[in-house]
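Survey of secondary and tertiary structure
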Amino acid sequence: MRWLWQGLTTSVGTKFLMALTGMFLFLFTVAHMVGNLQVFAGPDQLNAYAAGLKKLGPLLWVMRLGLLATFVAHILCAFSLVKRNEEARPVQYAVKRPIAATYASRTMIMSGLIVLAFVVYHLAHFTLGWTHGDHFALRDAQGRHDVYRMVVLGFQSPFVALSYVVAMVFLGLHLSHGAASLFQSMGWNRKKYSCFFAGAARGLAMLVVLGNLAMPLSILFRLVGQEVTP
Amino acid sequence: MNLTLKVWRQAGPSDRGRLVTYEAKHVSPDMSFLEMLDVVNEDLIARGEDPIAFDSDCREGICGACSCMIDGVPHGPDRGTTTCQLHMRHFKDGDTITIEPWRARAFPVLKDLVVDRSAFDRIIQAGGFISVNTGGAPDANLIPVPKPDADKAFDAAACIGCGACVAACKNASAMLFVSAKVAHLGYLPQGQSERDARVRNLVMAMDAQGFGACTNTYDCEAACPKEIPADFISRMNRDYRSALLKGDA
Ligand code: HEM
Ligand code: FES
């Protein structure tokens, strides 16, 4: 297995891992958004979806641990690359002008760290119930975890809704570069189809951001869930 | 035209160095950037000062010796040109121009604007070649090479090894240079037998020299005076992955 470790810890190998884990995280954000958009289908649909996920039992834990491992690997690769890249230029230019590099591509670690901070908060909010224990404890008429009321009550608070909006802007920034970049790192870019793939991936990233923005904003402005009161 | 230059002056590898301001007077728009520096140096020599050291050789854009970071862009504002082929008509009277050496751990400054680029040579030694038996020259066209492959190999071989890709990259990465070497030999039949070993050895040598990794910002291809496309980097990533998975462990 030494060959594998050696091969994956080079600059090119680490970028391959970065892209592989980034791609899985990206696909997860797509699935996560599609699942949660069921908030627009009403309490029964969303709570049934949540109960269905819980019923997966051990499989749910396999998925959760896989996701956690992917996330941790992505972050470890990020730190390793950032360190390598900083060491490669110990003396900075007095004047440096980017030519083709986009703002998003130059600030991946910043947008990534903001997403990380958000993920910690998001888990404390909806998965662990640490920030709003009272919302987390709610049960619906059928005795299920009342995810719908928990989400609506959360997003009715402007501060909570705003933090989600800000986080989505930075996820969008991260993916506006990352979604296309992963094709280059995976070695899938060929002139013939690179513009198509990169465009489609960027479009999908945009959909994730818009879909995720729709939830806090529509609840904050009482377009959805106005019947729910604390 | 008259210009103000802010030039990096550094007496030697261990000197700290600093930007020094010079006035360049009576610059003709038809001068090349290096000719403009020559004129400034004439003045410095006449005043008994040390002239600004910079690299140059062919002065016709083919050798890759010239290497100035001009206002934060390698080889200056004109795309697809080397510093020696950059003409002063791209600047305006009264401009202030900042001139710095390439900045990378792998390219230590020797003096003023001159950096040591032998890290590139050490990468080439690690795999940027094909092994052939010496002897009588083989007949021309003995090995058929499809025209599209020959064209691609030639696009990659246009690299003059100037290091602008490293200078432009926010990570001081040499990916464009290395990927051009991988592609230039990898597209040709003569390069096949060593193809897997080559990409692995080149990548490891690149890392060992202290170059950074790739963030796919594509400043390298934008800065390349030979306009070598970053597609070659994706091809190198592909070659590297297949080389990693193939062969005995
Ligand atoms: C939902 C969460 C995340 C998703 C979907 C995601 C996705 C991606 C994708 C697709 C890439 C492109 C890979 C490539 O360049 O080939 C990427 C790169 C990157 N990510 Fe993330 N990421 C996430 C979280 C994070 C976090 C928490 C960090 C912070 C440590 C981070 C740091 C980075 C960095 C630094 C890069 C660029 C590395 C480089 O090219 O130099 N990401 N990410
Ligand atoms: S001096 Fe030869 S390329 Fe500029």
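Residues numbered from 1 in each chain as written. Chains lettered and ligands numbered in written order. Predicted model: local features only at pLDDT ≥ 70, side-chain atom pairs only at ≥ 80, totals over all residues. Heavy atoms only, no water.

Looking at the overall build of chain A
- Tallying secondary structure elements over chain A gives ten helices and zero strands in all.
- Beginning at the N terminus, the succession of helices and strands in chain A can be written as α-α-α-α-α-α-α-α-α-α.
- In terms of overall dimensions, chain A has C-alpha extents of about 60 × 45 × 35 Å along its principal axes.
- The buried share of chain A, reckoned over its 230 residues, is 45%.
- The long-range share in chain A, meaning contacts at least 24 apart out of those at least 6 apart in sequence, stands at 74%.
- Approximately 12,200 Å² of chain A is accessible, and the part contributed by carbon and sulfur atoms is 73%.
- Side chains of chain A give 19 positive and 7 negative charges; the mean places of these two sets differ by 19 Å. (Helix = DSSP H or I, 4+ residues; strand = E, 2+ residues; numbered from the N terminus. Buried < 20%, exposed > 50% of the residue type's maximum accessible area, 1.4 Å probe, protein only. Contact = heavy atoms within 4.5 Å. Areas by Shrake-Rupley, 256 points an atom, 1.4 Å probe, with all protein chains shown as cover. Lys, Arg positive; Asp, Glu negative; His and termini not counted. Charge placed at Lys NZ, Arg CZ, Asp CG, Glu CD.)

So, the nonpolar core
- Judged by nonpolar contacts, the single largest core of 48 residues is most densely connected at Phe107(B), Ile123(B), Val166(B), Val178(B), Met206(B), Phe211(B) and Met236(B).
- Breaking this core down by element, the ones donating at least two residues are α2 (118-125), α3 (147-157), α4 (164-168), α5 (175-186), α6 (195-208) and α8 (231-245) of chain B.
- Not counting the four nearest positions on each side in its chain, Val166(B) is found in contact with Arg89(A), Ala104(B), Phe107(B), Phe120(B), Ala172(B), Ser173(B), Ala174(B) and Phe211(B).
- Counting 42 residues, the second-largest nonpolar core is a separate cluster that includes Leu46(A), Val165(A), Met168(A) and Ala201(A). (Core = buried A, V, L, I, M, F, W, Y, C linked by side-chain atoms within 4.5 Å.)

Thoughts on the site of ligand 1
All names here are of chain A.
- In the neighbourhood of ligand 1, 25 residues make up the surrounding shell, with Lys15, His74, His174, Ser181 and Ser185 lying closest.
- One of the side-chain N or O atoms of lysine 15 is found 2.3 Å from an oxygen atom in ligand 1.
- Elements that contribute at least two residues to the shell around ligand 1 include exactly α2 (11-36), α4 (58-87), α6 (108-127) and α9 (158-186).
- Top element by residues in the shell around ligand 1 is α2. It accounts for seven residues.
- Per-class residue counts for the shell around ligand 1 are 15 nonpolar, nine polar and one charged. (Near = heavy atom within 4 Å. Polar contact = N/O pair within 3.5 Å; in protein donor to acceptor, adjacent residues only side chain to side chain. Nonpolar A, V, L, I, M, F, W, Y, C, P; charged D, E, K, R; others polar.)

Remarks on the domain arrangement of chain B
Residue and element names in this part refer to chain B.
- For chain B, the domain assignment lists domain 1 (3-111) and domain 2 (118-245).
- Each partner contributes to the roughly 1,300 Å² buried at the junction of domain 1 and domain 2, and carbon and sulfur atoms together form 64% of this total.
- When the buried area of domain 1 at its contact with domain 2 is split by residue, Pro74, Ala106 and Phe107 rank highest and sum to 32% of it.
- At the boundary of domain 1 with domain 2, the tally comes to zero salt bridges.
- Counting the contacts that link domain 1 with domain 2 gives two residue pairs in polar contact (both at pLDDT 80 or more).
- Residues belonging to the side of domain 1 that touches domain 2 are distributed by class as follows: nine nonpolar, seven polar and three charged. (Domains from an automatic or database assignment. Buried area = accessible area lost by both parts, 1.4 Å probe. Salt bridge = Lys/Arg side-chain N within 4 Å of Asp/Glu carboxyl O.)

Examining the packing of aromatic side chains
- Under the counting rule described, the total for this entry stands at 14 aromatic pairs over all chains.
- The rings of Phe118(A), Tyr121(A), Phe126(A), Phe155(A) and Tyr164(A) are connected pair by pair, giving a single aromatic cluster.
- Above the face of the Trp61(A) ring, Arg64(A) is positioned so that its terminal group lies 4.9 Å from the ring centre.
- Above the plane of the ring of Trp8(B) lies Arg103(B), whose end atom (NZ or CZ) is 4.3 Å from the centre. (Phe/Tyr/Trp six-rings, centres within 6.5 Å; stacked < 30°, edge-to-face > 60°. Lys NZ or Arg CZ within 6 Å of the ring centre and 35° of its normal.)

Digging into the pattern of salt bridges
- Scanning the entire structure with this criterion turns up 18 salt bridges over all chains.
- Between Glu87(A) and Lys83(A) there is a salt bridge, with the nearest N and O atoms lying 3.1 Å from each other. Taken together, the residues Glu87(A) and Lys83(A), both in helix α4 and four residues apart, mark about one turn of the helix.
- A relative accessible area of 37% means that Glu87(A) is categorised as partly exposed.
- Classification of Lys83(A) as exposed rests on a relative accessible area of 51%.
- Residue Arg235(B) is joined to Asp239(B) by a salt bridge in which the shortest nitrogen-to-oxygen separation is 3.8 Å.

Concerning α2(B)
Residues and elements named next belong to chain B.
- Where α2 is concerned, the buried positions are Ala119, Phe120 and Ile123. Along the axis of α2, the buried residues cluster in a sector spanning 105°; they form a single face.
- Buried residues along α2 sit in contact with α4, α5 and α6. (Arc of directions from axis to C-beta.)

Some words on the environment of Thr102(A)
Residue and element names in this part refer to chain A.
- If you trace the backbone, threonine 102 turns up in the loop between α4 and α5 (103-106).
- Among the residues examined, threonine 102 registers a relative accessible area of 42% and is labelled partly exposed.
- Sequence separation of threonine 102 and glutamine 184 is 82 residues, and the distance between their C-alpha atoms is 16 Å.

So, the coordination of the iron atom of ligand 1
All names here are of chain A.
- Taken together, His74 (NE2) and His174 (NE2) make up the protein donors of the iron atom of ligand 1, found 2.0 to 2.1 Å from the metal.
- In this structure, the iron atom of ligand 1 is coordinated by six donor atoms arranged in octahedral fashion, with angles at the metal of 87 to 179°. One end of the pair, histidine 74, is in helix α4; the other, histidine 174, is in helix α9, with 100 residues separating them in the sequence. (Donors = N, O, S within 2.8 Å, 3.2 Å for Na, K, Ca; no water. Tetrahedral: all angles 85-135°; square planar, octahedral: opposite > 155°, others 65-115°.)

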